[in-house]
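Coordinates in review
This is what each chain is made of:
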Amino acid sequence: MSKTVLTIVKGLLLLILVNILANFIYTRIDLTEDKRYTLTTEAIQATSNIDTPVIIDVLLDGNLPPEFLKLKSEVKELLLAFEAKNNNIKFSFVDPLEGAENINTVVTDLQTLGLTPTQITVENKTAVSQNIVFPWAMVNYKNTTVKVPLLKNKLGASTEERVNNSVQHLEYAFADAFTKVSITKKKKIAIIKGNGELADIHLADFLTTIRDYYNIGAITLDSVQNNPKGTLVKLKDYDLAIIAKPQLAFSEKEKYVLDQYIVNGGKSLWLIDQVHMELDSLFNEKGTAMAVGNNLNLNDFLFNYGVRINPTLVNDMYFTQIVLASGDGNAAQYNPVPWVYHPMVFSKNNHPINNNIEALKFQFASNIDTISNTNKKTILLQSSPLSKVDGTPAQISLSLTKNPPKKELYVHGNNPLAVLIEGDFKSAYADRVKPVKLNDFRKKGDANKMIVISDGDLIKNQLRNGRPLELGYDKWTNNFYGNKEFLVNSVNYLLDDTGLINIRNKKVAIPFLDEKKIEEQKTKWQLINIGVPISLVLLFGFIFNHFRKRKYAS
């Protein structure tokens, strides 16, 4: 008896000791093949500046369908991993609709905050129901709140693909949010003006989005004419220059100032329309307009860095739609129709910038040639294999919507539309007469990077009643495209010194059960799961009794 008591006491003491040690020593072991619960160095670094509690409200609770339960589980495990690295991170799951007297009012209030709901269909044997889910998290730190989207939608994605895309995006999404709320020193972005670039109201949504990361200012190149040195000094104070859809040709002096800004380390994002063509130009009695080349005097400049934007229009069988009216007055009907000059561009997933993003909408884009030089070129976006290039000048007509494209003509596809250039940039004026005298001319710079995109409208948000809509949203077809995410990723990559953008390279794969097999083999596996354990117990009992009888019989 005393031995039994002593054994129990020893066991209790050992258990107490283990619990005491667990309070001082904490570890997590990630046994997943893709290491999805092991945070990257960049993600851990994103939490390094958090020195007071950050409260995360995850709006994923309540009666959720299986796919969202899986997403909730993955969010919880990821946040536990963050919490293990920084105990100032606290999180909870809430159901925003729980106890709501008027659900419509709550939904409207949440939408006003920018938290778009997802409507899902739940099916079972007896009924089909519609549920509203808010797949969002709110990260609150000091006086700052950042919204984190948890669900990644992609056109044509299955349920499994949608959850996989979402889980793959989670680590970056939360690390990005931690960076936003704890950032202490912001880099500076210059919006270049003076050559007919897009008005601020058409850049509003994009600039509002990146304001979380960066300080934004405007630099007008008109001042180059009278004060080129002063303009360059001001421009050098910025880390990145964005040139969004210029319409007027650049002078040699303006190009020279931009050249020296780039050679001195300034990053740049170019969104260039090489062809004059707008959809609004077609809304006339004839329904036609002439597409002509847009001479911006940038060909030699960009050629020096390794690209050439051709005065062409990409014609793509993978297209987005436009909406045309038929009928008159109150009897008019608005119908979406195919438009081959608005390509729907799917990501190559070959770089952190374009990894796991929604399809993009291009409008009257041109193809880009890459030129052989010492700089590295990465094609980030390209047209589909079923696309071709139409030269200009060309007559464009809305009658194209009535004539289906002939597939046999689309044989020269995969035309580059967005190119990343990296290298030690050489000045475009290295062996040329300088248009103006500048101090400290540099012939060659250090490592640098720029992105060239052959569509200025990629960054342009639509308006409704004079107010900017979200970039990537098409009010005419009610579709969302990945324009904003791609451009935000582009800016982050150009300016990201911490490597946060590289988290997007992380690949995860969530295993799912086959619903069809479950339904077909449900009875079989129930019998196995219940019958096999019982059979094993009975078999063990029979064998045990058999040997016991033999032992004591002798």
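These remarks concern the structure in this document.

Each value, and the rule that gives it
Note that residues are indexed from 1 along each chain, following the sequence as it is written. A pLDDT threshold of at least 70 governs which residues receive local features in this predicted model, and a stricter bar of 80 or more applies before side-chain atom pairs are shown or counted, although totals over entire chains, interfaces and linings include all residues. For side-chain calculations, the full set of non-hydrogen atoms in the structure is used, while hydrogens and water are omitted. Numbered from the N terminus, helices here are DSSP runs of H or I no shorter than four residues, and strands are runs of E no shorter than two. By definition in these notes, contact holds between two residues if any of their heavy atoms fall within 4.5 Å. Every accessible area reported is derived by Shrake-Rupley at a probe size of 1.4 Å, with residue values counting cover from the shown protein chains alone. Pairs of N or O atoms are called polar contacts if they sit within 3.5 Å, as long as, within protein, a hydrogen donor faces a hydrogen acceptor (for residues adjacent in sequence, only side-chain-to-side-chain pairs). Here an axis means a line fitted to C-alpha atoms, over the contact stretch when the element is a helix, while the angle between two N-to-C directions is reported on a 0 to 180 degree scale. Angle categories are assigned with fixed cut-offs, so that under 35 degrees is roughly parallel, over 145 is roughly antiparallel, 65 to 115 is roughly perpendicular, and the rest are oblique. Take the far helix as the reference: if the near one is turned anticlockwise from it by less than a right angle, the crossing is left-handed, and if turned clockwise, right-handed. Residue exposure (1.4 Å probe, protein chains only): buried if accessible area is under 20% of the type maximum, exposed if over 50%, otherwise partly exposed. Criterion used throughout: strands pair if DSSP finds at least two bridges between them. Working definition: a ring pair exists when centres of Phe, Tyr or Trp rings (six-membered ring for Trp) sit within 6.5 Å. Plane angles under 30 degrees give stacked, over 60 give edge-to-face, the rest tilted. As a reminder, the over-ring test applies to NZ of lysine and CZ of arginine, requiring each to be within 6 Å of the ring centre and within 35 degrees of the ring normal. Nonpolar side chains (Val, Leu, Ile, Met, Phe, Trp, Tyr) are joined into patches within 5 Å and like charges within 9 Å, using only residues with over 30% relative accessible area and no salt bridge. Here a salt bridge means any side-chain nitrogen of Lys or Arg lying within 4 Å of a carboxyl oxygen belonging to Asp or Glu.

1. Comments concerning the overall build of the chain
On a plain count of helices and strands, the chain comes out with 12 helices and 27 strands. Contacts spanning at least 24 positions in sequence make up 76% of the contacts within the chain whose residues lie at least 6 apart. Here the chain has roughly 29400 Å² of accessible surface; of this, 54% comes from carbon and sulfur atoms.

2. Let's talk about helix α4 (residues 103-112)
One side-chain oxygen of the residue at the start of α4 lies 3.1 Å from the amide nitrogen of asparagine 104, identifying that residue as asparagine 102. After α4 finishes, the residue glycine 114 shows a positive phi value of roughly 90 degrees.

3. Some details on the packing of helix α6 (residues 200-210) against helix α10 (residues 483-495)
Their axes nearest at 11 Å, the elements α6 and α10 cross at an angle of 45 degrees. Relative to α10, α6 is oriented oblique. When you trace α6 past α10, the crossing you get is right-handed. Together, Asp205, Phe206, Thr209 and Ile210 of α6 and Lys484, Leu487, Val488 and Val491 of α10 make up the contact between the two elements.

4. As for the pairing of strand β23 (residues 444-453)
Every other side chain in a regular strand lies on the same face of the sheet, so the side chains alternate between the two faces. Counted residue by residue, β23 has seven buried out of 10 residues, so it is predominantly covered. In this structure, strand β10 (residues 267-271) lies alongside β23, joined through four bridges in parallel fashion. Across the sheet, residue leucine 271 finds its bridge partner in β23, namely isoleucine 453. Note: strand β22 (residues 416-426) against β23, eight bridges, orientation antiparallel. By the bridge assignment, isoleucine 421 is partnered in β23 with methionine 450.

5. Observations concerning the packing of aromatic side chains
With the rule as written, the count across this model stands at 14 aromatic pairs. When the ring of tryptophan 270 is compared with that of phenylalanine 301, the centres are 5.5 Å apart and the planes differ by 55 degrees; the resulting orientation is tilted. On the criterion of sequence distance, the pair formed by tryptophan 270 in strand β10 and phenylalanine 301 in helix α9 (residues 299-305) is long-range, its members being 31 residues apart. Residue tryptophan 270 shares its accessibility class with phenylalanine 301, and that shared class is buried. With 5.3 Å between their ring centres and 65 degrees between their planes, tyrosine 305 and phenylalanine 425 make a pair best called edge-to-face. A residue pair is termed long-range when its members are at least 10 positions apart, and tyrosine 305 in helix α9 and phenylalanine 425 in strand β22 qualify at 120 residues. Each member of the aromatic cluster is reached from another via a ring pair, and the members are Trp270, Phe301, Tyr305 and Phe425. The cationic tip of lysine 72 hangs over the ring face of phenylalanine 93; the distance from NZ or CZ to the ring centre is 5.4 Å.

6. Focus on unusual backbone geometry
Residues threonine 392 and proline 393 are joined by a peptide bond in cis, for which omega reads 5 degrees. Tracing the backbone shows proline 393 in the loop between β20 (387-391) and β21 (394-397). Even without being glycine, phenylalanine 364 reaches a positive phi, approximately 50 degrees. Relative to the helices and strands, phenylalanine 364 resides in the loop between β17 (360-361) and β18 (368-370). One non-glycine residue, asparagine 478, lies in positive phi territory at about 60 degrees. Counting through the fold element by element, asparagine 478 comes out in the loop between β26 (473-474) and β27 (479-480). Note on asparagine 478: relative accessible area 51%, which makes it exposed.

7. What to know about the pairing of strand β6 (residues 144-149)
Looking at chain direction, strand β5 (residues 136-141) and β6 are connected through six bridges and run antiparallel. Opposite asparagine 140, over in β6, you have threonine 145 as the bridge partner.

8. Things to note about the sheet that holds strand β16 (residues 333-345)
Strands sit in the order β15-β16-β17 across an open sheet of three strands; the sheet is antiparallel. Among the strands making up the open sheet, the edge pair consists of β15 (319-326) and β17. Relative to β16, β15 runs antiparallel, the two sharing eight bridges. Bridge pairing in β16 places glutamine 321 opposite proline 338.

9. Focus on a nonpolar patch on the surface
A cluster of nonpolar side chains, Ile528, Val532, Leu536, Leu539, Phe542, Ile543 and Phe547, forms an exposed patch at the surface whose accessible area comes to about 670 Å². Looking at the element boundaries, isoleucine 543 is found in helix α12 (residues 522-553).

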